[in-house]
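Read off the chains here:
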Amino acid sequence: MRIDIENMDAGYGDKKILHGIDLHLEGPGLTCIIGPNGVGKSTMIKCMNKLLTPTSGTVKVNGRDVKEMSRKEIANVISYVPVQTDDVFAMPVFDTVLIGRANKSKWKTSPQDIVKVKKALEVLGLTELSDRPFNELSAGQHQTVAIARGLVQETEILILDEPTSNLDIRHQIFITSLMHEIAVQKNVMVIMISHNLNIASMFADNIVLMEKPGRIKQIGPANDVITAENIKDVYNVGCEIVIHQGRPVMLLDQILN
């Protein structure tokens, strides 16, 4: 499993968001993408799965340019969980997650599909909500159901856009640690956007730090990327970095002028 982005620019209409992006990810593991609002984190991952076409440069998945791949081919390789869902239907949670098996079952539900959905709901603590209408859930529950739907696709690459955005701190830790566990145990490349730098530092195998105006500042393990100098440069925030259990932890100081 491999994603290669070379000299990529991207944006929306006349507004350019990303500038000269070069990113190479290979093999299983958890990669967290961090950076301030507006630097193009979501734009970049949308280019990975052809939701957005770059204005220049290339995006390749397993050596193939995504421009040459059909939506079905991409769905067989990449699962995508958006930052929020616009789904407002009254379909039960179980059936909502079952939709994620469409690329495997071709809309003919098998006993294996049922088992996979039950397992995903169990892992994410959603079993008791199986029969609840999706449109009656909270924003955090919506997000967790969307993650379950992504998991049951069983692709080799899983991309999540801020999967913990509507969750409390306990569930942020749970979801991020689960993504790392899945990456290791299921041999999956997991790429997720995160705004909690300390949680990302705790679990990520690699961190992609983005900065304005839509560029990658540094890529590497947390100990190399989460530094006081980088936090100052990218976020304009002063902090102290301490090492806890071998990983950097950011202690906020002050907003800089």
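Just above, that's the structure.
Residues numbered from 1 in each chain as written. Predicted model: local features only at pLDDT ≥ 70, side-chain atom pairs only at ≥ 80, totals over all residues. Heavy atoms only, no water.

Asker: What am I meant to see in the pattern of salt bridges here?
Answerer: If charged atoms from side chains of opposite charge come close, those side chains can pair. Applying the stated criterion across every chain, the model contains nine salt bridges. Arg2 is paired through a salt bridge with Glu26; the nearest N and O atoms lie 2.6 Å apart. Of this pair, Arg2 sits in strand E1 (residues 2-12) while Glu26 sits in strand E2 (residues 15-26), placing them 24 residues apart in sequence. Note on Arg2: relative accessible area 29%, which makes it partly exposed. Here Arg101 and Asp113 are joined by a salt bridge, their closest N and O atoms 2.8 Å apart. One end of the pair, Arg101, is in the loop between helix H3 (93-98) and helix H4 (102-105); the other, Asp113, is in helix H5 (residues 111-123), and twelve residues separate them in sequence. Comparing Arg101 with Asp113 shows no difference in burial state: the two are buried. (Salt bridge = Lys/Arg side-chain N within 4 Å of Asp/Glu carboxyl O. Helix = DSSP H or I, 4+ residues; strand = E, 2+ residues; numbered from the N terminus. Buried < 20%, exposed > 50% of the residue type's maximum accessible area, 1.4 Å probe, protein only.)

Asker: Looking at this model, I keep getting lost on a nonpolar patch on the surface. Mind explaining?
Answerer: A cluster of nonpolar side chains, Ile169, Ile173 and Met202, forms an exposed patch at the surface whose accessible area comes to about 250 Å². Along the chain, Ile169 falls in helix H7 (residues 169-185). (Patch = residues over 30% accessible without salt bridge, like charges linked within 9 Å, V, L, I, M, F, W, Y side chains within 5 Å. Areas by Shrake-Rupley, 256 points an atom, 1.4 Å probe, with all protein chains shown as cover.)

Asker: Just to check I follow, could you spell out the sheet that holds strand E7 (residues 157-160) for this structure?
Answerer: Within a sheet, adjacent strands bond to each other through the backbone by hydrogen bonds, running parallel or antiparallel. Spatial ordering of the open sheet is given by E6-E7-E8-E3-E9-E10, a layout of six strands whose pairing is mixed. Two strands lie at the open edges of the sheet, namely strand E6 (78-81) and strand E10 (215-220), each paired on one side alone. Put simply, the sheet's adjacent strands are angled 15° from each other on average, direction ignored. With five bridges connecting them, strand E3 (residues 29-34) and strand E8 (residues 189-193) associate as parallel partners. Among the inter-strand pairings, Gly29 is bridged to a residue of E8, identified as Met189. (Pairing = 2+ DSSP bridges. Axes fitted to C-alpha atoms, helices over the stretch in contact; angles between N-to-C directions.)

Asker: What is the right way to read helix H10 (residues 228-235) from this model?
Answerer: Every α-helix winds through 3.6 residues per turn, so residues three or four apart in the chain are directed the same way. Among all positions in H10, only Asn230, Ile231 and Val234 are buried. Down the axis of H10, the sector holding all buried residues measures 100°, keeping them to one side. (Arc of directions from axis to C-beta.)

Asker: Teacher, can you tell me more about the side chain of Asp161 here?
Answerer: Mapping Asp161 onto the fold places it in the loop between E7 and H7. Here Asp161 sits buried without a salt bridge, and the closest side chain of opposite charge, Lys46, lies 5.4 Å off (N-O distance). Side chain to side chain, Asp161 and Ser42 meet in a polar contact 2.8 Å long. Ignoring sequence-local partners within four residues, the contact set of Asp161 consists of Ser42, Ile45, Tyr80, Val81, Pro82, Val83, Gln143 and Ile193. (Lys, Arg positive; Asp, Glu negative; His and termini not counted. Polar contact = N/O pair within 3.5 Å; in protein donor to acceptor, adjacent residues only side chain to side chain. Contact = heavy atoms within 4.5 Å.)

Asker: Explain H7 here, please?
Answerer: Taking 1.5 Å per residue as the helical rise, H7 with its 17 residues ought to reach 24 Å, and the 24 Å between its terminal C-alpha atoms agrees with that figure. Of all the residues in H7, the buried ones are Gln172, Ile175, Thr176, Leu178, Met179, Ile182 and Ala183. Down the axis of H7, the buried side of the element spans an arc of 155°, and every buried residue falls inside it. Pointing more than 90 degrees away from the buried face of H7 are the exposed residues Arg170, Val184 and Gln185. A side-chain oxygen of the first residue of H7 lies 3.1 Å from the backbone nitrogen of Arg170; this N-cap is Asp168. Phi for Asn187, located one or two positions after H7, is positive at around 60°. (Expected span 1.5 Å × (residues − 1).)

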